[in-house]
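Breakdown of the fold
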Amino acid sequence: MMAIQPYFANEPFAAGLDHRPLGSILDELRSQLTAIDVRVQRVTEGLSTAQLDRQPGPKRWSVAQCLEHLILFDSHYFAGIEERIAQMPPARAEATYTMKGFDKWAYTFFGEKPPIRIPTISSFDPHFDRTYGATILVRYRDHLSRLDQQFRLALEHDVARLRVHSPATSLVRFPYPAIAIIAVAHHRRHLGQAERTRAAIGL
């Protein structure tokens, strides 16, 4: 049997062994967004604009930059996705999804405990010479709301057939369910980084 690895925060899976109903995956992703919204309010609670922008060291992201990175990542991967979802056929009750192969590797790479680290591509990289704290919480929570609307729309369509190109290279395409799962795991990863950043600056 293959080794069990984390899928959602409270639900392990073995790649190739599960065929989760796609609707239940999207419902779970929406629940994860609710938990993420609570978590981001906790990590930013009581912080001033200057504190949100304070970096714990040279070339280390501030709390605001962690959140800005997440907005940039999703905005590039999901550009125009609502229109594409709406063009897909109606959802099939029997539709399932299993993460495997390259998608599973990408989930591990972008998730909470990546096995290796590579430089962030420039499109996803918040600039160190800019500040984001004045607007970041409003923009980030609005971004979560748009993600929730996207997942709700996806529940109505057969998104298992939808493929999403990586903005880093057109050679890589993800099934929509995979990149949706990866995106939510990516939020958990960098919220953890934001929590560590807050602790590192003594707040």
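Residues numbered from 1 in each chain as written. Predicted model: local features only at pLDDT ≥ 70, side-chain atom pairs only at ≥ 80, totals over all residues. Heavy atoms only, no water.

**Some thoughts on the confidence of the model for the protein chain**
Here the protein chain averages 86 in pLDDT, and 87% of its residues register 70 or above. The low-confidence segment residues 1–17 (pLDDT under 50) makes 42 contacts with residues lying over four places distant or belonging to another chain. (pLDDT = per-residue confidence, 0-100. Contact = heavy atoms within 4.5 Å.)

**Here's the deal with the environment of Gly-111**
Inspection of the secondary structure puts Gly-111 in the loop between helix H5 (101–110) and helix H6 (136–154). With 78 residues separating them along the chain, Gly-111 and Arg-189 place their C-alpha atoms 5.8 Å apart. (Helix = DSSP H or I, 4+ residues; strand = E, 2+ residues; numbered from the N terminus.)

**Overview of the packing of helix H3 (residues 63–77) against H6**
Packing of H3 against H6 leaves a shortest axis separation of 10 Å and a crossing angle of 35 degrees. Considering the relative orientation of H3 and H6, their crossing is left-handed. Contact residues: Ala-64, Leu-67, Glu-68, Leu-70, Ile-71, Asp-74 and Ser-75 in H3; Ile-136, Arg-139, Tyr-140, His-143 and Leu-147 in H6. Looking at the contact of H3 with H6 residue by residue, the class counts come to seven nonpolar, two polar and three charged. (Axes fitted to C-alpha atoms, helices over the stretch in contact; angles between N-to-C directions. Left-handed = near helix turned anticlockwise from the far one by under 90°. Nonpolar A, V, L, I, M, F, W, Y, C, P; charged D, E, K, R; others polar.)

**Comments concerning the pattern of salt bridges**
Close approach of charged atoms lets side chains of opposite charge pair. Under the criterion given, the structure shown has nine salt bridges. When the shortest N-O distance is used, the salt bridge between Arg-30 and Asp-148 registers 2.7 Å. Here Arg-30 is found in helix H1 (residues 22–44), whereas its partner Asp-148 is found in helix H6, with 118 residues between them in sequence. Each of Arg-92, Glu-94, Asp-158 and Arg-161 takes part in a single network of salt bridges with overlapping partners. (Salt bridge = Lys/Arg side-chain N within 4 Å of Asp/Glu carboxyl O.)

**Re the nonpolar core**
Membership of the largest hydrophobic core comes to 55 residues, with the highest contact counts inside it found for Leu-26, Leu-29, Tyr-77, Tyr-140, Phe-151, Tyr-176 and Ile-179. Broken down by secondary-structure element, the contributors of at least two residues to this core are H1, H3, helix H4 (81–86), H5, H6 and helix H7 (176–200). Tallying contributions element by element places H7 first for this core, with 11 residues. Apart from residues no more than four positions distant in its own chain, Leu-26 is found in contact with Phe-151, Ala-154, Leu-155, Val-159 and Tyr-176. (Core = buried A, V, L, I, M, F, W, Y, C linked by side-chain atoms within 4.5 Å. Buried < 20%, exposed > 50% of the residue type's maximum accessible area, 1.4 Å probe, protein only.)

**Some details on the environment of Leu-162**
The topology assignment puts Leu-162 in the loop between H6 and strand E5 (163–165). Those residues within four positions of Leu-162 in sequence are excluded, and the remaining contacts are Ile-81, Arg-84, Ile-85, Met-88, Phe-174, Pro-175 and Tyr-176.

**Re the packing of aromatic side chains**
Inspection of the entire model under this criterion finds eight aromatic pairs. For the pair Phe-102 and Phe-174, a centre-to-centre distance of 5.7 Å together with 25 degrees between the ring planes defines the contact as stacked. Of the two residues, Phe-102 sits in helix H5 while Phe-174 sits in strand E6 (residues 173–175), which places them 72 residues apart along the sequence. Taken together, the aromatic side chains of Phe-73, Tyr-77, Phe-102, Trp-105, Phe-109, Phe-124 and Phe-174 make up a single cluster linked through ring pairs. (Phe/Tyr/Trp six-rings, centres within 6.5 Å; stacked < 30°, edge-to-face > 60°.)

**As for H7**
Look at H7: 36 Å from first C-alpha to last across 25 residues, which is about the 36 Å you get at 1.5 Å a residue. Taken across its 25 residues, H7 has 20 buried, putting it largely inside the fold. Taken from the residues just after H7, Gly-202 is the one with a positive phi, measuring 80 degrees. (Expected span 1.5 Å × (residues − 1).)

**Regarding unusual backbone geometry**
The phi dihedral of Lys-59 is positive, around 60 degrees, even though this residue is not glycine. Mapped onto the secondary structure, Lys-59 falls in the loop between helix H2 (49–52) and H3. Residue Lys-59 is classed as exposed on the basis of its relative accessible area, which comes to 67%.

**A short note on the packing of H6 against H7**
One can describe the packing of H6 onto H7 by two numbers: an axis separation of 12 Å at closest approach and a directional angle of 155 degrees. Comparing the axis directions of H6 and H7 gives the class roughly antiparallel. Remark: the crossing between H6 and H7 carries left-handed chirality. Side by side, H6 and H7 meet where Tyr-140, His-143, Leu-144, Leu-147, Gln-150, Phe-151 and Ala-154 of the first sit next to Tyr-176, Ala-180, Val-184, His-187 and Leu-191 of the second. Looking at the contact of H6 with H7, its residues break down into nine nonpolar, three polar and no charged. (Parallel < 35°, antiparallel > 145°, perpendicular 65-115°, else oblique.)

**Considering the side chain of Gln-32**
Relative to the helices and strands, Gln-32 resides in helix H1. Looking at Gln-32, its side chain comes within polar contact range of the side chain of Arg-188, at 3.1 Å. (Polar contact = N/O pair within 3.5 Å; in protein donor to acceptor, adjacent residues only side chain to side chain.)

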